Amino acid sequence: MIKKISITLFLLSVLNFKTSAQVFDIPEKKIGIFEVMFSGGKTSSYYGIDGSTRLFDIIGTTLTSVTLTNKIDLKLTSNLTANMELPLNYIYLISDSLFPERSILNIKHFGIGLTYSFLNSSNFVLGFSSMFKIPNGFHQGLYNDTKYLSFWGDGYFQFNSNGIIKYKLEDQFIKFTLGYNWRDEEAKDEILYKVEAGTSKTKGTGLLLFCEGVVSTKNPANPSKAFYPGSSGESYNNEVTQGGDGKFYMIESENYTSLGAKVIVYLTNDLFLDGSYSIKLFGVNTLLLNQANFGIGYPF
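What you see is a predicted model, and the numbers here were worked out from it, not measured in a lab.

Engineer: Quick one: what's the story with unusual backbone geometry, residue by residue and with numbers?
Structural biologist: Its identity is not glycine, yet Lys29 carries a phi of approximately 70°, on the positive side. By secondary structure assignment, the location of Lys29 is in the loop between helix 1 (2–14) and strand 1 (32–43). For Asn285, which is not glycine, the phi torsion reads 55° and is therefore positive. On the secondary structure map, Asn285 appears in the loop between strand 14 (271–284) and strand 15 (286–287).

Engineer: Now, about the packing of aromatic side chains: what can you tell me, with residues and values included?
Structural biologist: As enumerated under the stated definition, the model contains 18 aromatic pairs in all. Geometrically, the ring pair formed by Phe151 and Trp152 is tilted, given 6.1 Å between the ring centres and 45° between the ring planes. Judged by centre distance (6.4 Å) and plane angle (75°), the ring pair of Phe151 and Phe248 falls under edge-to-face. Of this pair, Phe151 sits in the loop between strand 8 (124–135) and strand 9 (158–168) while Phe248 is found in the loop between helix 2 (238–241) and strand 13 (255–268), placing the two residues 97 residues apart along the sequence. Considered together, Phe151 and Phe248 belong to a single accessibility category, that of buried residues. Among the aromatic residues, ring-to-ring pairing joins Tyr46, Phe56, Phe151, Trp152, Phe227, Tyr228 and Phe248 into one connected group. Here the guanidinium or amino end of Lys166 rests over the ring plane of Phe173, the centre of that ring lying 4.6 Å away. Directly above the aromatic system of Tyr143 lies the positively charged group of Lys225, at a separation of 5.8 Å from the ring centroid.

Engineer: Please give an account of the sheet that holds strand 3 (residues 53–55) that cites residues and values.
Structural biologist: Across the sheet, which stays open at both edges, the three strands sit in the order 3-2-15 with antiparallel pairing between neighbours. Each edge of the sheet is formed by a strand with only one pairing partner; in this case those strands are strand 3 and strand 15. Direction of pairing for strand 2 (residues 45–47) relative to strand 3: antiparallel, over a ladder of three bridges. Paired with Tyr46 across the two strands is Arg54, which belongs to strand 3.

Parameters and conventions
- Residues numbered from 1 in each chain as written.
- Predicted model: local features only at pLDDT ≥ 70, side-chain atom pairs only at ≥ 80, totals over all residues.
- Heavy atoms only, no water.
- Helix = DSSP H or I, 4+ residues; strand = E, 2+ residues; numbered from the N terminus.
- Phe/Tyr/Trp six-rings, centres within 6.5 Å; stacked < 30°, edge-to-face > 60°.
- Buried < 20%, exposed > 50% of the residue type's maximum accessible area, 1.4 Å probe, protein only.
- Lys NZ or Arg CZ within 6 Å of the ring centre and 35° of its normal.
- Pairing = 2+ DSSP bridges.

Printed below as a string of structure tokens:
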């Protein structure tokens, strides 16, 4: 009986919403969205410089990444939206033997940007977005920071800009995004791309399928330094094959394509939940790290 009442209440709350693909955007009569997102993934593999799947080593080295992101999108005008994000990132590296456990908990970056739509008709949206990302530390150099000599780093400045084309119907849309990401220090610039297709056939809910990826402006098959011993594809002795010195750096250049799906459900006019999962289909010099995401949002 209690279960039936709960289902009924949920359905009644959903009936307050229109069936509209706008379920993925800032709702009408709201000026913004605040969302807290949790994402995580775990891997012991990567795509090598030849695109093949490889283990980090033969001693069970595994990398775990967990991120808690606070995000705000705020309408400044009908065509201009401010975007801010603050991801708190936990990276954990463990091996069965030979190397000690290592971890880092820090703010990945502070991102601030704008999204502008210079055409927003009933069926088409044309616009662009940009974001400047400030790292948690300001050491210049990925490989010579005495604080991070054996594991990861303090990040680097980034600035990305994207062109956006969106075609929408009442309960469906398709969106194309193509951008360029400038990156400081040894990290190489990137071309970013994303294709999204969304639908909302049930009131207050939506389903989104997406394909996204990165193409480095420098050939990732020829990195200036291997992010982990063996990942550069050179010939190594048994010691290196088993992990070498165990140093694990941030990746300076990579290619990859990911495929994923996202679901959003509005519980009330002022509260929604969303979840997504993405898998890396293929790549070059990149972690084989699939990601699960869960978020709770508050339109205001």
